[in-house]
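# Structural overview for review
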Amino acid sequence: MSDESRAVRTAVVIPAAGRGVRLGPGAPKALRTLGGTPMLIHAVRAMAASRAVSLVVVVAPADDAVAVKHLLDEHALPERTDYLVVPGGENRQDSVRAGVEALPPDIGIVLVHDAARPLVPVDTVDAVVQAVRDGAPAVVPALPLADTVKEVAPPVEAGGPEPVVATLARGALRAVQTPQGFERDLLARAHASVTAEVTDDASMVEQLGGAVVAVPGHPEAFKVTRPLDLVLAEAVLARRRANDGF
Ligand code: C5P
């Protein structure tokens, strides 16, 4: 790492304002616990574990912003890491935009990381930051697919089987994770100008015609979406604790 790249401050925006309806009834997803600690705290710690990250911006459910601020106050972060909490919006895109708009002027690189990916290893975070520092304006961590992927059409009768219309070439497909890393100005421009509904931030850059590159992701950066993912996350955490007292 050169002295010049060290001078560029990096922040992470963590959208954590989703209700997590697919997980079933209960607290907002980011506040559900894993190993007794809220998922959001795991995600914040995972990002703060990178020495590159000097600021964490948590985007909280609007009703819970004060509670989330207290939660972060209670859980120690490394000395070098500042944090702030801003209220989120209607959808993920609005929430990320709120986080980006809250960034101080001296931030040059921005990571966006889902609170719902609490177990991302620090090496993945560092690899994304390094790729941006090395000159890529937008970077995603990505994994090859294990399953064959087919495109389907709507069922002929409601509730009936879906006709398969195509089988996609799996070798060229990737499942994309977070943290995604960006030059700050590019991400801000994407959020200011793209209004179409998207499911990740890099696709907004693609819509602007910007180049996005993929670096290797990690299986433990999976997104906690459904009840089975909670079981897997607990198992990963238990194994880490047994192995190294994490
Ligand atoms: O719903 P999904 O799992 O795609 O959400 C991804 C991330 O976006 C989660 O961390 C969730 O908390 C966040 N989100 C948000 N604001 C919303 C909806 C989702 O911050 N309105």
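The paragraphs below set out a description of the structure included in this document. (Residues numbered from 1 in each chain as written. Predicted model: local features only at pLDDT ≥ 70, side-chain atom pairs only at ≥ 80, totals over all residues. Heavy atoms only, no water.)

Our next topic: the layout of surface pockets. The volume enclosed by the largest pocket comes to roughly 750 Å³. Around the largest pocket, the lining comprises 29 residues; the ones closest to its centre are Arg22, Lys29, Arg92, Asp114 and Lys223. Among the residues making up the lining of the largest pocket, the classes are represented as nine nonpolar, ten polar and ten charged. (1 Å grid on protein atoms, 1.4 Å probe; cavity = no way out; pocket = protein on both sides within 12 Å on 5 of 7 lines; lining within 4 Å. Points joined across faces, edges and corners; volume = space filled by probe spheres on them. Nonpolar A, V, L, I, M, F, W, Y, C, P; charged D, E, K, R; others polar.)

Taken together, 15 residues form the shell around the ligand, and within it Pro15, Ala17, Gly18, Ser95 and Lys223 come nearest. One of the backbone nitrogen or oxygen atoms of Gly18 is found 2.9 Å away from an oxygen atom of the ligand. Contact distances for the ligand include 2.7 Å between a nitrogen atom and a side-chain N or O atom of Ser95. Contact with the protein chains removes 84% of the 460 Å² of surface that the ligand exposes when unbound. When atoms are counted within 2 Å of each cavity's grid points, the one that captures over half of the ligand is the largest pocket. Of the residues in the shell around the ligand, the class split is five nonpolar, four polar and six charged. (Near = heavy atom within 4 Å. Polar contact = N/O pair within 3.5 Å; in protein donor to acceptor, adjacent residues only side chain to side chain. Areas by Shrake-Rupley, 256 points an atom, 1.4 Å probe, with all protein chains shown as cover. Sits in = over half its atoms within 2 Å of the grid points.)

This paragraph deals with unusual backbone geometry. Between Thr178 and Pro179 the backbone carries a cis peptide bond, its omega angle lying at 10 degrees. One can find Pro179 in the loop between strand S10 (174-176) and strand S11 (180-183). (Helix = DSSP H or I, 4+ residues; strand = E, 2+ residues; numbered from the N terminus.)

Counting buried positions along helix H2 (residues 39-48) yields nine of ten residues, so the element is predominantly enclosed. Among the residues of H2, those classed as buried are Met39, Leu40, Ile41, His42, Ala43, Val44, Ala46, Met47 and Ala48. (Buried < 20%, exposed > 50% of the residue type's maximum accessible area, 1.4 Å probe, protein only.)

Here the focus is the environment of Asp200. Tracing the backbone shows Asp200 in the loop between helix H6 (184-193) and helix H7 (202-207). For Asp200 and Ala16, which are 184 residues apart along the polypeptide, the C-alpha to C-alpha distance reads 14 Å. Ignoring any residue separated from it by four or fewer positions in sequence, one finds Asp200 in contact with Arg92, Val176 and Gln180. Separated by 2.9 Å, the side chains of Asp200 and Gln180 make a polar contact. Among the polar contacts made by the side chain of Asp200, one reaches the side chain of Ser203 at a distance of 2.8 Å. (Contact = heavy atoms within 4.5 Å.)

Of the residues making up helix H3 (residues 65-74), those classed as buried are Ala65, Val68, Leu71 and Leu72. Looking straight down H3, one finds its buried side chains confined to an arc of 115 degrees; they lie on one side. What points out from H3, more than 90 degrees from its buried face, is the exposed set Val66 and Glu74. On the buried face of H3, the contacting elements are strand S3 (37-38), H2, strand S4 (53-60) and strand S5 (82-87). (Arc of directions from axis to C-beta.)

By themselves, these figures tell us nothing about what the structure is for.
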